[in-house]
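Architecture and fold: a report
What follows is the residue order along each chain.
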Amino acid sequence: MPAMTVNDAPVMFDMDPETPLLWALRDAANLTGTKYGCGVGDCGACMVLIDGEALRSCLVTIAEAEGRTITTIEGLSRDRSHPVQQALVAEQAIQCGFCTPGIVMAAASLLRRNPDPSEADIREAIPNLCRCGVYPRLIAAVQRAGRVTRRRETISAAPAPGIDPADAARAVPAMGPASGGEADGGTTEPED
Ligand code: FES
Ligand code: FES
């Protein structure tokens, strides 16, 4: 049973080790913020952070994720206060929102490496597909998030608070405290 850390919680997936991480996150851990777009590595909708690097979770098996630290959109911030989340809302760079979680993770990874990216840097680091075509606003939003990261700007119109972490833990078994047994859907707390 591959074990890893997901959004700061130890998780063990009682699933075939060749299961794509995307399926484990969505179907077993109930972390449905990570989206299934193409399933073959083209769209980027499934991007999560693996040890801080934005990777397509449809292309990573849970065996390959063994021992690594996974961050999904649910774990990026508890209150949607990450600069990328704030800037995407402020710049209205979201339409249907299906591509947004993957884009947020790619942008967050980019800003960790480079908080002052050029347009070319952003295009290279965020190859995600958006069928709604938010690309021009996306460039502005990521650069604005970079300014927030560099403390050159604050965004006053912050998004509304997210769900309470305690409520999230109740709704997402894999995120809750140790329950002492296998959870529904294929996750279980790792043994000591
Ligand atoms: S679902 Fe993974 S890249 Fe499209
Ligand atoms: S906002 Fe709709 S796919 Fe990008």
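Description of the structure in this document.

Criteria and cut-off values
- Residues numbered from 1 in each chain as written.
- Chains lettered and ligands numbered in written order.
- Predicted model: local features only at pLDDT ≥ 70, side-chain atom pairs only at ≥ 80, totals over all residues.
- Helix = DSSP H or I, 4+ residues; strand = E, 2+ residues; numbered from the N terminus.
- Contact = placed C-beta atoms within 7 Å.
- Pairing = 2+ DSSP bridges.
- Core = buried A, V, L, I, M, F, W, Y, C linked by C-beta atoms within 7 Å.
- Buried ≥ 20, exposed ≤ 12 C-beta atoms within 10 Å, placed from the backbone.
- Domains from an automatic or database assignment.
- Axes fitted to C-alpha atoms, helices over the stretch in contact; angles between N-to-C directions.
- Parallel < 35°, antiparallel > 145°, perpendicular 65-115°, else oblique.
- Left-handed = near helix turned anticlockwise from the far one by under 90°.
- Nonpolar A, V, L, I, M, F, W, Y, C, P; charged D, E, K, R; others polar.

Once that is clear, we can look at the overall build of the protein chain. Each helix and strand counted, the protein chain has seven helices and six strands in total. Counting from the amino terminus, the protein chain carries its helices and strands in the arrangement β-β-α-β-β-β-α-α-α-α-α-α-β. Considering only contacts within the protein chain whose residues lie at least 6 apart along the sequence, 65% involve residues at least 24 apart.

Let us look at the environment of D16. Tracing the backbone through its elements, the reader meets D16 in the loop between strand 2 (9–13) and helix 1 (21–28). D16 sits 46 residues away from I62 along the chain, and the two C-alpha atoms are 8.2 Å apart.

Let's shift gears to the pairing of strand 2. With four bridges joining them, strand 1 (residues 3–6) and strand 2 adopt antiparallel strand pairing. If you follow A3 over to strand 2, its bridge partner there is M12. Joining the antiparallel neighbours strand 1 and strand 2 is a turn of two residues, in which N7 adopts a positive phi near 50°.

Time to look at the nonpolar core. By size, the foremost hydrophobic cluster in this structure holds 52 residues, and its most contacted members are A24, V84, V104, M105, A106, A107 and A108. Looking at which element gives the most residues to this core, the answer is helix 4 (residues 100–113), with eight residues. A domain-level breakdown of this core finds at least three residues from each of domain 1 (3–76 + 163–174) and domain 2 (83–149). Dropping the residues within four chain positions of it, A106 is found in contact with G44, M47, A54, A125, I126 and N128.

Following the sequence through the fold, A28 ends up in helix 1. A28 gets classed as buried once you count the C-beta atoms within 10 Å, which come to 22. Through-space distance from the C-alpha of A28 to that of M15 is 8.8 Å; in sequence the pair is 13 residues apart.

What follows deals with the environment of V134. Along the chain, the position of V134 falls in the loop between helix 5 (119–125) and helix 6 (135–149). In sequence terms V134 and Q95 are 39 residues apart; their C-alpha atoms lie 7.3 Å from each other. Discounting chain neighbours no more than four positions away, the residues touching V134 are A93, I94 and Q95.

So, on to the packing of helix 4 against helix 6. A pair of packed helices is captured by two measures, namely the crossing angle of their axes and the spacing between those axes. Helix 6 packs onto helix 4 with a crossing angle of 45° between their chain directions and a minimal axis gap of 11 Å. Classed by the angle they form, the pair helix 4 and helix 6 counts as oblique. Pair helix 4 / helix 6 crosses with right-handed handedness. Facing helix 4, whose interface residues are I103, A107 and L111, helix 6 presents L138, V142, A145, G146 and T149. Looking at the contact of helix 4 with helix 6 residue by residue, the classes come out as six nonpolar, two polar and no charged.

Let us now look at unusual backbone geometry. One non-glycine residue, N30, lies in the positive phi region at around 65°. Its place among the elements puts N30 in the loop between helix 1 and strand 3 (47–50).

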